[in-house]
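# Fold and contact review
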Amino acid sequence: MNRILRNPWIYSIMIIPTLALYTLFFIYPMATSSYYAFTDWNGLNQASFVGLDNFIRVFSDKDFINAIYNNFIFIGFSIFIQVPLIILFALLISSVKRFQGIYKTTVFIPSILSTSVIGILWGFILHPNIGPVNQFLSLFGIEPIFWLAESKWAMVSILVVNAWQWMGFYIVLVLAAILALPKEMNEAAEIDGATGIQRALYITVPLIKPIISVVVMLSIAGAMRVVDIVLVMTKGGPVGATEVMASYLVNEAMGVNPSYGVGTAISLIIFAFALVLTGIYQATFGKTKE
Amino acid sequence: MKKVLLTVIMLVLVSTAVLTACGSNSSNNQSNSNNSNKSSNNSSKATTGPDNSAPSEEKVEPFTISLRHTQIGESQKFRKAILDDVVAKTEGDVPGLTIELEGVEDEVNRFTKLPAEMAAGNPPMIFDIFGGEGDALKYGEAGRLLDVAPILDELGLSDKFLNLDQFTVDGKVYGLPIGGNTEGFFYNEELFAQLGLSEPTTLAELENAAQVLTDNGYTAFAMGSKGAWVPLMLVNTLIGRYAGPEAINGLASGDVKWNSPEVIAAFTKYSEWVEKGYFTKGELGFEYADMLNEFVTGKAGMMFDGSWRASVFKDETQAGALTNKVSFFPMPAVDGGKGDQTYVNGNYSNGYGFSSNLNEQQLVAVKAFIKNMYSDEMQLRGLLEDGVLPSIKLSGDATSKVEDKVVNKVIQVMGKSGGAFSHFDSTVKSEVYKESEDAILKLITKHETPQSVADILQAVQDRQ
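Treat the numbers as computed from the prediction; the structure is a model and nothing was measured.

Rules used in this analysis
- Residues numbered from 1 in each chain as written.
- Chains lettered and ligands numbered in written order.
- Predicted model: local features only at pLDDT ≥ 70, side-chain atom pairs only at ≥ 80, totals over all residues.
- Helix = DSSP H or I, 4+ residues; strand = E, 2+ residues; numbered from the N terminus.
- Rg over C-alpha atoms; globule rule 2.2 N^0.38 Å.
- Contact = placed C-beta atoms within 7 Å.
- Buried ≥ 20, exposed ≤ 12 C-beta atoms within 10 Å, placed from the backbone.
- Pairing = 2+ DSSP bridges.
- Axes fitted to C-alpha atoms, helices over the stretch in contact; angles between N-to-C directions.
- Domains from an automatic or database assignment.
- Expected span 1.5 Å × (residues − 1).

Below, the discussion takes up the overall build of chain A. Along its length, chain A carries 14 helices and 0 strands. Overall, chain A shows an N-to-C arrangement of helices and strands of α-α-α-α-α-α-α-α-α-α-α-α-α-α. For chain A, whose C-alpha radius of gyration is 24 Å, the value lies well above the compact-globule estimate of 19 Å for 290 residues. Summarising its shape, the C-alpha atoms of chain A cover approximately 75 × 75 × 35 Å along the three principal directions. Within chain A, counting contacts between residues at least 6 apart in sequence, those at least 24 apart form 68% of the total.

Okay, here's the thing in structure tokens:
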């Protein structure tokens, strides 16, 4: 049997189905996408080569530039607000002695809900007339706020809802790392007189830096491809206030006057952005070993 | 020896897996497409078919056709009931036929599912479609839609349709409108009476009513602009008034410029009403359905919408306290407006299209569907039960049977009009229409001015 498995032909035969499926479902779509990005294909006509026209058209559209800007807002919010909050909540839950399981489950629940459900749920919560948020604010005499219909509030609303959906998942990741740390160091520091905050900042956080690095990288990648919550809640509106690259792609590739050529060009741009940003992060802040 | 045996076994296994994965159900399709020839050979299957009541001695092979409709939700229940009856009748007429219904939300069907299916070449066999350049005509020219002109000839329906313009190109007919409609203002009669307002007949009266409603804490015009096509209905009618009825086709042909003073006047009027706060506050966050909710709950005095909404106001489950307390009037004439100011917006644009990829058996089913759906009986039911104006010529006394007061008012309005102009979404190129959707939202949020909106649209038109 061992001799048979040493035969390279047998190996080749065994990996052919996997390679075939990989080619069919990954290589082929990627290759055709790359090809269609340079054509004017709209799904009905014969695709003809247009060079870089699709890329030029996309980058000369100020709505797309605005979408890129919004993606960076997502990234900034994820890194500078979401990640610190994730660490804070993870530290708090890890130091809780009783009902830790309940807290863990509670924060994790939003991440197992479907985005459509979350969109509808928050659509109701943020409803200008009957939503509990505005009902509460009205107790203080605040006029109804159109959370999803006014440009200045729509992006904030989406960021908060997106954070609410995904923070629990990352909190559980960080919490697992914290709970896996040896207790001796914390106990020794406590005996030496270190306060809880000092222990968290100077012992726990540095020790979980690798998992924080992973969380940051996943947040960047997630922020680059965010789309579902945007489509469900605002469809990129009002007037592009919450438009991100992927929702711009959906609106260009589908909807009124669909253009699959432009759509695939945008998908390549998103891919390139995500690759470069995660690459930069990995090469700089994400380095865990010298 | 063992090695060879193992190699052979592995080869057989792998080949089987690959061939199974790469196989298709073409053999099934083949048998399906040829099943009319084989129908007498398979008596056991035929007995499980849906049409056992068929008196024919000859056994028939069951077959199905897919039908995509958009009659979902409470407000579409009358239209859905008519469709169900047509489907049942068609299944009865064609032995072995089962029609598989699929209900999809209107916008999802028009802008998401159908374009993707047209690209892939696998649309349903019968489906809801809009006429015009961006929909039926585009798909028809790409060879995806069945030309129904020969079927209309065969069924004697060629001269029965009131207007097939939005489905016709070069003598080919790529769909059939289910009804006609006009767009105008629905208003809350009780609220108007309470505020001492009468039905507006001039633009000044309309604006006065809007101002009085606003001053009294009501929304003058209920509006849900999350979908840009909703405010564009009103913009379209304003263009028809300021730039004249011919302008709608003129915009498509280039004879009328988007940035001509008359078209800009239409955008300016819309912008002025936005400025005065006549529309729903936060309209960009509300869907089309929300607009109706605002109106039927008495928070808004008027709503600009299509006559297809008429049936809602006779149904207590939908209209609530507003049942039978709504009336309708067209956009009044405007000062300095070009052309005949009695024209109304009139469309025969929404209906059914049919896939060009049908076998003979399916074609028979499609013919039966057309015969049943576009019959005098069903069209009259559409008018009486659903309040949708017929798309075919009915006998003279048909309209006299209408008891619904809103529908009667709509018929009166159309009767008094000098003619009808269509919606520019069915005349201009898709690129221009798409830009108009962006532009109107920017006008509402004051990101653009009437002049800049008009210039942007003209620039896109010039590129076509």
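Back to the text.
Secondary structure summary: chain B contains 20 helices and 13 strands in total. Out of the 464 residues belonging to chain B, those deemed buried represent 45%. A separation of at least 24 residues holds for 75% of the contacts in chain B among residues at least 6 apart in sequence.

Before going further, it helps to examine the sheet that holds strand E6 (residues 176–177) of chain B. All names here are of chain B. One open sheet accounts for 5 strands, arranged E2-E1-E3-E12-E6; its pairing is mixed. The strands lining the two open edges of the sheet, one partner per strand, are strand E2 (97–103) and E6. Note that strand E1 (residues 63–69) and E2 share 7 bridges and pair parallel. Across the sheet, residue phenylalanine 63 finds its bridge partner in E2, namely leucine 97. The strands touched by helix H16 (residues 360–373) are E1, E2, strand E3 (126–130), E6 and strand E12 (350–354); relative to E1, the strand with the most contacts, the crossing angle is about 45°.

Turning next to the domain arrangement of chain B. Residue and element names in this part refer to chain B. As far as domains go, chain B holds domain 1 (63–180 + 348–394) and domain 2 (182–346 + 416–463). Put simply, the middle of domain 1 and the middle of domain 2, counted by C-alpha atoms, are 28 Å apart. Taken together, the 15 residues of domain 1 in the interface contact 17 residues of domain 2.

Moving on, we come to helix H14 (residues 260–283) of chain A. Taking 1.5 Å of rise per residue, 24 residues should cover 34 Å, and H14(A) covers 34 Å from first to last C-alpha, within 8% of that figure. Of the positions making up H14(A), those classed as buried are A:Tyr260, A:Gly261, A:Val262, A:Gly263, A:Thr264, A:Ala265, A:Ile266, A:Ser267, A:Ile269 and A:Ile270. Buried residues along H14(A) sit against helix H2 (8–36), helix H3 (53–59), helix H11 (209–224) and helix H13 (245–253) of chain A together with helix H6 (106–120) of chain B.

Residue and element names in this part refer to chain A. You can see tyrosine 103 is positioned in helix H5 (residues 100–112). Residue classification places tyrosine 103 among the partly exposed residues on the basis of 17 C-beta atoms within 10 Å. A C-alpha to C-alpha distance of 9.9 Å links tyrosine 103 and phenylalanine 89, two positions 14 residues apart in sequence. When near neighbours in sequence (up to four residues on either side) are disregarded, tyrosine 103 contacts Ile93 and Val96.

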